[in-house]
Amino acid sequence: MSTSEFGFPPQLRLKTPAAYKNVFAQPVKSSDKYFTLLAINNQLNHPRLGLAIAKKAIKRAVDRNSIKRIARESFRLRQHTLTALDIVVLARRDALSASPEMLRKSLERHFVQLVKRCAS
């Protein structure tokens, strides 16, 4: 695969409030102490990612942005193994104290779990 196939173009992002509302309405959930991921099947032929990192949970913008960067990177590298899902990532307070490697491993487990749950 070429590096262009691992990009994160605009069509792989949830952009509108309506798109987020669809995911929050009837989601399939996956949670641990770092993240809660919500997902639904979409009508497209590719997955999409949305981030909802609350200021209440992660106070500093620098910290919220680093968590978002890790989530985007994990999704970008994993997008070819994901089915047609809309996924929203919610961070918990414990994500702040975790290492980036722990956050990546957590997200990987969530992605695998969501694919299995949404397939059935």
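Going by the structure above, here's the rest.
Summarised in this report is the structure supplied together with it.

Thresholds, definitions, all that
- Residues numbered from 1 in each chain as written.
- Predicted model: local features only at pLDDT ≥ 70, side-chain atom pairs only at ≥ 80, totals over all residues.
- Heavy atoms only, no water.
- Buried < 20%, exposed > 50% of the residue type's maximum accessible area, 1.4 Å probe, protein only.
- Helix = DSSP H or I, 4+ residues; strand = E, 2+ residues; numbered from the N terminus.
- Pairing = 2+ DSSP bridges.
- Axes fitted to C-alpha atoms, helices over the stretch in contact; angles between N-to-C directions.
- Parallel < 35°, antiparallel > 145°, perpendicular 65-115°, else oblique.
- Left-handed = near helix turned anticlockwise from the far one by under 90°.
- Contact = heavy atoms within 4.5 Å.
- Phe/Tyr/Trp six-rings, centres within 6.5 Å; stacked < 30°, edge-to-face > 60°.
- Patch = residues over 30% accessible without salt bridge, like charges linked within 9 Å, V, L, I, M, F, W, Y side chains within 5 Å.
- Areas by Shrake-Rupley, 256 points an atom, 1.4 Å probe, with all protein chains shown as cover.
- Salt bridge = Lys/Arg side-chain N within 4 Å of Asp/Glu carboxyl O.
- Lys, Arg positive; Asp, Glu negative; His and termini not counted.
- Charge placed at Lys NZ, Arg CZ, Asp CG, Glu CD.

Attention now goes to the pairing of strand 3 (residues 48-52). Extensive coverage of strand 3 is indicated by the burial of four of its five residues. Sheet topology places strand 3 next to strand 4 (residues 85-91); five bridges connect them, and they run parallel. The partner of L49 across the bridge, within strand 4, is I87.

Below, the discussion takes up the packing of helix 2 (residues 61-78) against helix 3 (residues 100-119). Here helix 2 crosses helix 3 at 45 degrees, and the two axes come no closer than 10 Å. Regarding the angle of helix 2 to helix 3, the classification is oblique. As helix 2 packs across helix 3, the resulting crossing turns out to be right-handed. The residues of helix 3 that touch helix 2, namely those facing I67, I70, A71, S74, F75 and R78, are P100, L103, R104, L107, E108, F111 and V112.

Further remarks concern the packing of aromatic side chains. All told, the structure shown has one aromatic pair when counted by the stated rule. For the ring pair F75 and F111, a centre distance of 6.3 Å and an interplane angle of 65 degrees mean the geometry is edge-to-face. Of this pair, F75 sits in helix 2 while F111 sits in helix 3, placing them 36 residues apart in sequence. Relative accessible area serves as the criterion here: at 0%, F75 is assigned to the buried category.

We now examine a positive patch on the surface. On the surface, a cluster of positive charge is made up of R13, K15, R69 and R72. Take R13: it is sitting in the segment before helix 1 (17-25).

Keep in mind these numbers describe shape, not what the thing actually does.
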